[in-house]
Amino acid sequence: MLNVNLINTLSGLLLLTSLLVIETKKPRQSAILYSFQSLILVAIFLALAIRMEADQLYLWAASAFLTKVVLVPVILYRALGKVDQTVTSLNTVSAPVSVLLAALAVVVSFTVVSQIELKSAADFIPALAISVAHFFFGQLCIVTQRNLFKQILGFCLMENGSHLTLALLAYRAPELVEIGIATDAVFAVIILVALAGQIYKRLHTLDSAELQTLKG
Amino acid sequence: MVTFVLAGILLPFLGSLLVLILPRSWVKATSQLVTFAAMLCTLFVLYSLGMTGKVGYTQDLLFFGDIVLYGVIVDKISALLGSVFILFGFLVVVYSGGYLSEKNRDHVEHNGVQRRYYFFLLTFIGAMAGLVMSSTMLGLLAFFELTGVCSWGLIGYYNDEKSLKAALKAIVTTELASVGLFIATAAFFVLTGGFQLSAFATLDDTIKTWLFIGILIAAWGKSAQLPLHFWLPDAMAAPTPISAYLHAASMVKAGVYIFARCLLSAGTVPQVIGVVGVIMAIVTMFYGLLMYFPQKDFKRLLAYSTITQLSYIFFALSLSIFGSATAFNGAIAHVFNHALGKGLFFLVAGAVGFSTGTRLLPNLKGLLKKMPLVGICFAVAALAVTGVPPFNGFFSKFTIFAGGFEAAKNAPLLMILVVIAILETIGSFAWLFWVFSSSVPGDSSAEVAAASDIAPSMKFALVILACLALLSGFFAMAWLK
Amino acid sequence: MESPHLIWLLFVPLIASVLSLIVHWFGDFTRPILEFLHLASVTATLVLTFIVAGQVLDAGEALAFSDWLRVDSLGALFVVIVGVMGFLSGIYSIGFTRHELAVGYTNHDIAIGGLDMGRLRVFYSLFHFFLFTMLLAVTSNNIIIMWVAIEATTLSSAFLVGLYGTRPALEAAWKYVVICTVGVAFGLYGTILVYSDAVNLIQETSKASLWTEIVKNASTLDPTLLKLAFVFILIGFGTKAGIVPMHSWLPDTYSEAPSPVSALLSGVLVNCTLFVIIRFSIIVNLALGTSFAQILFLVFGVISLAAAVFFMMGQKDINRLLAYSSPENIGLILIALGLGGPIGILAGLLQLVNHSIVKTMMFFLSGNILMKYRSRSLDVVKGLMQAAPLTSFFLLAGVFALVGAPPFNIFFSKFLIVSAGIATGYWWLMIVCMLLLMLAFTALFRMGSSVTLGQKPVEIQNGESGFTTLAPIAILMVLALVLGLFMPAQLTDLLNGAVEVVNAGVTATPLAGPNGSASVAGPLGGLSVESFFSFFSGH
């Protein structure tokens, strides 16, 4: 049973790192933290692979390592090198409020997940709840952060959450499905980074509050 | 025979397409030709129906599965009204040929023949014919809405702020009202499994009541009755021949026609519909009469007169629910007679505007002296509209009152309303007579003295209509007997 | 039947997309080569959609890739929409991009920009990739791939939306990607929930993600889980479909994107996401009875309709007005599906097809206006009747069609919706809907009259915008008229089949809820869709 506890603990660690990603002032540091978080995710995948004797999950772990620990952080890190770091961290709500909201997300996720009965995930209710909460964390990040790159990181967090849910519930899905979802995720980051880059180049801002001219 | 009925409906539509394609210089002649042909077709239908003992028939034409979407019904009423609507359409097309020119002093900024005008007008004529001949609820609804759309294009023809506003007001009001008909048609479809009007009689009374409420709302909107009347006076921003056609002869009659057609199909109708119809008609009638007095603009006066005349028709149709066939015939005859009389009146107003450049009544004096033809037509129209014998308005109004007395036998309270209606007639006669006497005889005012001559095509339409207004009174009543 | 054409249908746009991106070194010939490639691809796609639809009509379904791709009547209906609208948008794009190329890409911070060669290449490449993703969404039988495809539509259209690179365009693109990816992520949760439940029931795990397999086992799915999943799916894919209150990206995106893209977004993409929602609703109907999905559809439908109409009133921007008309129509479609029964579903699908035709046409027209006036404001765009009579005629006809005036197609689908509502006892709802539609009618009419009539600005030259930008509009208008007056037999067959597929939830299970087919009262209850169409099918 060590593995189950390990998985649940590691998932808890995910939450912690994602709070750090959200609250860190410098986006470049956030990107590094995100890489670290993805490493934890890979560890969870490996643990799950052992626990469930699911060979596919080794593959998942490998692809997650490639894309989430290496590729996406590098893209973000490099892109952030080209932009002015001083424009960075503006929030729509203060840090205590966003932590409070995060706590709320955790509570909601636990209540919802404990309601459903899934034979395949009975042991992993905490991990499942955390993955859902993690998904909400990502959304929280997108809503509360005005820096476009922080919003992209929010998307990445969201994606990590759903990826964990997927690993817990749908690890038996054909590989092609996982590849499809992973490709979408990577491309989403690439496109978001490219768009943010264009916006920076063209409008000289990374503040989403300045992107509010369209109304009505 | 159905071929001719269909030709009457489709020829104007064909014309409207041709108008878009053909060279600009052909537009006028094409329009006149197709409407003339359509008129001949419907007159032939009328004639042959009269020859065969006026026995009505129905022919289903368009199906969706085994559901009849559209069919034509040819009987005394549809043949009579169909021919007058198309005949008047032809006359208006002819009249427009002269009216829409740079010689028109009322609208000097106008720039030549426009396809748009004839396109909408011809589509409108076709839609009106399709509506009158329809044997299905869906046909009534579809053509009802189509006339609304065309009226928008026609009222807004002059393209200035005022007319565009008026056009929008007109279409929004009538389309809002048509929601009633839309819902009623959908309910009719759900309940009878089809659209044929003949199924109306099979419905029970509660359902009939609800359906008629929907139909009445639509009819009130289209026929400019309270509380949906306000679009009509503003719609006078339309070119005057359009006002004559839409706001006297045909479009405003679409509402009453649908009401009449459904009454006829439904057989017995719950009396509550009659009560509602009669009361609203009387209220509108009086409102219209009161609005005569402040009007300075010739056309706006005519608009309010139209509103009251349409209330007469609603009044008579509602009376027929109480069991008076006379009132029903009176109503149909009045649709016919009023179309000619009021249409003529509008065309006179148009002619006056064309040659003098004003439609303000205080500026119009001594028309007869300067423009004898217009003056005479003015007199004929005024007498016909107010119902002075032997002009056509008299016959139908008289029949309506006769029907009123007949219905009052069953429901004594109706007698009060009939008397009120008679009072209204007297009032409106007195006012129109006053208007007539101050504008037609006597010395010409400055504007009238400086008047130019009107186009020959306009004269042609005026003369024909004046003759019809004088002669048709006998005809409609005799035909409906 | 196994269909190699189905595979080609996906590969052709994919190949075209890659080729367009690498066409680079041909100097002056680059543009003609791009255009040729583009034309060839959209034409081939169109032909292939017809072939696949034909196969579906003959054999009931077309399959490929060991059942991962499957097109049934419902799918074929959507495949045809993608094919036809894609083709017409393709034709339109040629004239449109040539004009925008002539305007030229500028770095100034202006409202409406132009294009350069680099952007043109991106446009053509993404256009085809976008088509590919939409086709994948409607042909996929694997529910997770369905999600992947919908997510990919967002990603592939993001740069199309921001193509002009101006401030509003970039803003719109950012909003679009962020809101839609977040929204669609909810859809992923819904999908995973359905899958993880199904995987416990279906022995062969590789097949547990196939829609057909899930449908077979629908009645044994966990009801609570499925309810939760469906709410997630409705919210998630509903975001993409522009269902209110998840619509906030929609007006910006539709109005700032280049017109052919707006046309594809509102005329096609919306349908693809609705398609996914319908697919899941079939599973839900089979498992839970029809009432659960129907009530959700009705609630969201009415909210969308009402809110959209509210936003349409007093709207000064032509594109935004048209954009808001999308949730209005989506609302109507949802209401029709929510009313249910064969007639309700038929009405909904018919409205969907009709809306797609008319809305695509309207966005083409707004593109023509944009090319002429370089503005979308009702204060500037006036007197189109003088400037371009033919465009103006089409615009008026389009407005008439969009508000559902006879004899255009929407009149009939609107009528069917109201009939279905009355047949199921929703009198008051139908009256409310009609009154709301009146407000939309007013807004659209005001736009039509303001644009076509009035005095044109003096600096605007007279003249039409050219063959490739008018011909697609003319074709769509003929379609709108033809479907109003006469239905081709093939389309009615497809619709019949599609209604059967969607309505499977009612007939195949004893669990059908109180709002199922039984409540279709009156003679309409006995009226089958077949008898409705039999005239046109030639029986």
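What counts, and at which threshold
- Residues numbered from 1 in each chain as written.
- Chains lettered and ligands numbered in written order.
- Predicted model: local features only at pLDDT ≥ 70, side-chain atom pairs only at ≥ 80, totals over all residues.
- Heavy atoms only, no water.
- Pairing = 2+ DSSP bridges.
- Helix = DSSP H or I, 4+ residues; strand = E, 2+ residues; numbered from the N terminus.
- Salt bridge = Lys/Arg side-chain N within 4 Å of Asp/Glu carboxyl O.
- Buried < 20%, exposed > 50% of the residue type's maximum accessible area, 1.4 Å probe, protein only.
- Axes fitted to C-alpha atoms, helices over the stretch in contact; angles between N-to-C directions.
- Parallel < 35°, antiparallel > 145°, perpendicular 65-115°, else oblique.
- Left-handed = near helix turned anticlockwise from the far one by under 90°.
- Contact = heavy atoms within 4.5 Å.
- Nonpolar A, V, L, I, M, F, W, Y, C, P; charged D, E, K, R; others polar.
- Buried area = accessible area lost by both parts, 1.4 Å probe.
- Polar contact = N/O pair within 3.5 Å; in protein donor to acceptor, adjacent residues only side chain to side chain.
- Domains from an automatic or database assignment.
- Core = buried A, V, L, I, M, F, W, Y, C linked by side-chain atoms within 4.5 Å.
- Phe/Tyr/Trp six-rings, centres within 6.5 Å; stacked < 30°, edge-to-face > 60°.
- Lys NZ or Arg CZ within 6 Å of the ring centre and 35° of its normal.
- Expected span 1.5 Å × (residues − 1).
- Arc of directions from axis to C-beta.
- pLDDT = per-residue confidence, 0-100.
- 1 Å grid on protein atoms, 1.4 Å probe; cavity = no way out; pocket = protein on both sides within 12 Å on 5 of 7 lines; lining within 4 Å.
- Points joined across faces, edges and corners; volume = space filled by probe spheres on them.
- Disulfide = S-S within 2.5 Å.

Let's talk about the pairing of strand β1 (residues 57-64) of chain B
Residues and elements named next belong to chain B.
So, step 1. Strand direction decides the pairing type here: β1 and strand β2 (residues 67-74), joined by seven bridges, are antiparallel. Bridge pairing in β2 places aspartate 60 opposite glycine 71.
So, step 2. Counted along the chain from β1 to the antiparallel partner β2, the turn is two residues long, and its residue glycine 65 has a positive phi close to 70°.

Thoughts on the pattern of salt bridges
A side chain with one charge can pair with a side chain of the opposite charge if their charged atoms come near.
Residue and element names in this part refer to chain A.
So, step 1. For the structure shown, the criterion picks out 19 salt bridges over all chains.
So, step 2. Note that aspartate 207 and arginine 146 form a salt bridge whose closest N and O atoms lie 2.7 Å from each other. Within this pair, whereas aspartate 207 is found in the segment after α7 (175-203), its partner arginine 146 is found in the loop between α5 (125-144) and α6 (148-169), the two being separated by 61 residues in sequence.
So, step 3. By relative accessible area, which is 7% here, aspartate 207 ends up buried.
So, step 4. You can call arginine 146 partly exposed: its relative accessible area is 22%.

Section: the packing of helix α1 (residues 2-21) of chain B against helix α4 (residues 115-133) of chain B
Residue and element names in this part refer to chain B.
So, step 1. Viewed as axis vectors pointing N to C, α1 and α4 meet at an angle of 165°, and their least axial separation amounts to 8 Å. Overall, the two elements α1 and α4 adopt an arrangement that is roughly antiparallel. Read as a crossing pair, α1 and α4 show a hand that is left-handed. Along its contact with α1, which presents Val5, Gly8, Ile9, Pro12, Phe13, Gly15, Ser16, Val19, Leu20 and Ile21, the element α4 presents Arg115, Tyr118, Phe119, Leu122, Thr123, Ile125, Gly126, Ala127, Ala129, Gly130 and Met133.
So, step 2. Of the residues in the contact of α1 with α4, the class split is 14 nonpolar, six polar and one charged.

Digging into the interface of chain C and chain A
So, step 1. Chain C puts 53 residues into the contact, and the matching count from chain A is 49 residues.
So, step 2. Each partner contributes to the roughly 4300 Å² buried at the junction of chain C and chain A, and carbon and sulfur atoms together form 70% of this total.
So, step 3. At the junction of chain C and chain A, the tally comes to zero salt bridges.
So, step 4. For the pair chain C and chain A, the number of links is five residue pairs in polar contact (both at pLDDT 80 or more).

Observations regarding the domain arrangement of chain B
Residues and elements named next belong to chain B.
So, step 1. Annotation of chain B at the domain level lists domain 1 (1-261) and domain 2 (270-481).
So, step 2. Between domain 1 and domain 2, the C-alpha centre-to-centre distance is 21 Å.
So, step 3. With 57 residues of domain 1 at the contact, the number on the domain 2 side is 59 residues.
So, step 4. Here domain 1 meets domain 2 over a buried area of about 4900 Å², counting both sides, of which 77% is carbon and sulfur.
So, step 5. Counting across the interface, domain 1 meets domain 2 through one salt bridge.
So, step 6. The salt bridge involving aspartate 234 is made with arginine 300; its shortest N-O contact spans 3.5 Å.

Brief notes about the nonpolar core
So, step 1. The biggest cluster of nonpolar side chains holds 495 residues, and the ones touching the most others in it are Phe200, Tyr245 and Phe315 of chain B.
So, step 2. Top contributing element to this core by residue count: helix α6 (residues 167-201) of chain C, with 21 residues.
So, step 3. In terms of domain composition, this core takes at least three residues from each of domain 1 (1-261) and domain 2 (270-481) of chain B.
So, step 4. Leaving out residues up to four positions away in the same chain, phenylalanine 200 of chain B has contacts with Met137, Phe188, Lys208, Leu211, Phe212, Ile215, Cys262, Ser265 and Ala266 of chain B.

Some details on the packing of aromatic side chains
So, step 1. Per the counting criterion, the structure on display carries 62 aromatic pairs over all chains.
So, step 2. When the centroid spacing of 6.1 Å and the interplanar angle of 40° are considered together, the rings of tyrosine 99 of chain B and phenylalanine 354 of chain B count as tilted. You can see tyrosine 99 of chain B sitting in helix α3 (residues 76-99) and its partner phenylalanine 354 of chain B sitting in helix α13 (residues 325-356), a full 255 residues away along the chain. Of the two residues, tyrosine 99 of chain B and phenylalanine 354 of chain B, both sit in the buried class.
So, step 3. Between phenylalanine 129 of chain C and phenylalanine 132 of chain C, the aromatic rings sit 5.6 Å apart at their centres with planes inclined by 45°, giving tilted as the arrangement. With a gap of three residues between them, phenylalanine 129 of chain C and phenylalanine 132 of chain C both fall in helix α4 (residues 117-139), about one helical turn apart.
So, step 4. By relative accessible area, which is 29% here, phenylalanine 129 of chain C ends up partly exposed.
So, step 5. Note on phenylalanine 132 of chain C: relative accessible area 14%, which makes it buried.
So, step 6. In this structure an aromatic cluster arises from ring pairing among Phe182, Phe189 and Phe195 of chain B together with Phe411, Phe412 and Phe415 of chain C.
So, step 7. The ring of tyrosine 77 of chain A is capped by arginine 28 of chain A, whose NZ or CZ atom sits 4.0 Å from the centre of that ring.

Comments concerning helix α4 (residues 95-115) of chain A
All names here are of chain A.
So, step 1. A rise of 1.5 Å per residue sets the reference length of α4, with its 21 residues, at 30 Å; its end C-alpha atoms lie 31 Å apart and thus fit the reference within 8%.
So, step 2. Turning to α4, its buried residues are Ser98, Ala102, Ala105, Ser109 and Val113. The arc that holds the buried residues of α4, viewed along the axis, is 55°, so those residues lie on one side. Facing away from the buried surface of α4 by more than 90 degrees, the exposed residues are Pro96, Leu100, Leu104, Val107 and Gln115.

Some remarks on the interface of chain B and chain C
When the parts of a complex come together, some accessible area is lost, and that lost area is often taken as the interface size.
So, step 1. With 36 residues of chain B at the interface, the matching set in chain C holds 38 residues.
So, step 2. Our enumeration of links across chain B and chain C arrives at zero salt bridges.
So, step 3. Where chain B touches chain C, the interface holds zero residue pairs in polar contact (both at pLDDT 80 or more).
So, step 4. With 16 residues, the single largest contributor to the side of chain B that touches chain C is helix α6 (residues 161-192) of chain B.
So, step 5. Looking at the side of chain B that touches chain C, its residues break down into 26 nonpolar, six polar and four charged.

As for the confidence of the model for chain C
So, step 1. When the pLDDT values of chain C are averaged, the result is 87; 92% of them are 70 or greater.
So, step 2. In the model, residues 508-539 of chain C has pLDDT below 50 throughout and makes 74 contacts with residues more than four positions away in sequence or in other chains.

Brief notes about the arrangement of the chains
So, step 1. Inter-chain contacts occur across two pairs of chains; the most extensive set of contacts lies between chains A and C.
So, step 2. Contact between chain A and chain B is absent, and the minimum C-alpha spacing across the pair is 24 Å.

Points about the side chain of threonine 30 of chain C
All names here are of chain C.
So, step 1. Following the sequence through the fold, threonine 30 ends up in helix α2 (residues 30-59).
So, step 2. A relative accessible area of 4% means that threonine 30 is categorised as buried.
So, step 3. Among residues more than four places away in sequence, those in contact with threonine 30 are Val23, His24 and Met117.

Section: the environment of threonine 183 of chain A
Residue and element names in this part refer to chain A.
So, step 1. Relative to the elements of secondary structure, threonine 183 occurs in helix α7.
So, step 2. The exposure class assigned to threonine 183 is partly exposed, which follows from its relative accessible area of 33%.
So, step 3. Between the C-alpha atom of threonine 183 and that of threonine 67, which follows or precedes it by 116 residues, the distance is 9.0 Å.

Some words on the environment of phenylalanine 127 of chain C
All names here are of chain C.
So, step 1. Its location among the elements puts phenylalanine 127 in helix α4.
So, step 2. For the pair phenylalanine 127 and phenylalanine 311, spaced 184 residues apart in sequence, the C-alpha to C-alpha distance is 30 Å.
So, step 3. Discounting chain neighbours no more than four positions away, the residues touching phenylalanine 127 are His38, Val42, Gly86, Ser89, Gly90, Ser93, Leu160 and Leu264.

Overview of helix α10 (residues 251-266) of chain B
Residues and elements named next belong to chain B.
So, step 1. Taking 1.5 Å as the rise per residue, α10 with 16 residues should run 22 Å; its terminal C-alpha atoms sit 23 Å apart, in good agreement.
So, step 2. Among the 16 residues of α10, 15 are classified as buried, and the element is accordingly described as predominantly covered.
So, step 3. Among the residues trailing α10, glycine 267 stands out with phi positive, at a value near 75°.

Details of the layout of surface pockets
So, step 1. By volume, the second largest pocket amounts to about 900 Å³.
So, step 2. Leu14, Phe129, Phe132, Thr133 and Leu136 of chain C are the residues nearest the centre of the second largest pocket, which is lined by 31 residues in total.
So, step 3. Contributing elements (two or more residues each) for the lining of the second largest pocket: α7 of chain A together with α1 (4-22), α4 and α5 (143-161) of chain C.
So, step 4. Here the element with the most residues in the lining of the second largest pocket is α7 of chain A; it accounts for eight residues.
So, step 5. Residue composition of the lining of the second largest pocket, grouped by class: 24 nonpolar, six polar and one charged.

Considering the state of the cysteines
So, step 1. Counted by the stated rule, this structure contains zero disulfides over all chains.
So, step 2. With no disulfide of its own, cysteine 141 of chain A lies 9.3 Å from the sulfur of cysteine 156 of chain A, the closest cysteine sulfur.

Thoughts on empty space enclosed by the protein
So, step 1. Under the criterion given, the structure shown has eleven cavities of 30 Å³ or more.
So, step 2. Counted as a void, the largest cavity has a volume near 180 Å³.
So, step 3. Contributing elements (two or more residues each) for the lining of the largest cavity: α6 of chain B together with α12 (318-339), α15 (389-403), α16 (409-423) and α17 (427-452) of chain C.
So, step 4. Its residues assigned to classes, the lining of the largest cavity comprises 13 nonpolar, four polar and four charged.
So, step 5. Estimates place the volume of the second largest cavity at around 120 Å³.
So, step 6. Lining of the second largest cavity is provided by 14 residues; of these, Asn285, Gln294, Leu337, Ile345 and Val502 of chain C occupy positions nearest its centre.
So, step 7. Those elements giving two or more residues to the lining of the second largest cavity turn out to be α10 (259-288), α11 (291-312), α13 (341-373) and α19 (489-507) of chain C.
So, step 8. Taken together, the residues of the lining of the second largest cavity break down into seven nonpolar, seven polar and no charged.

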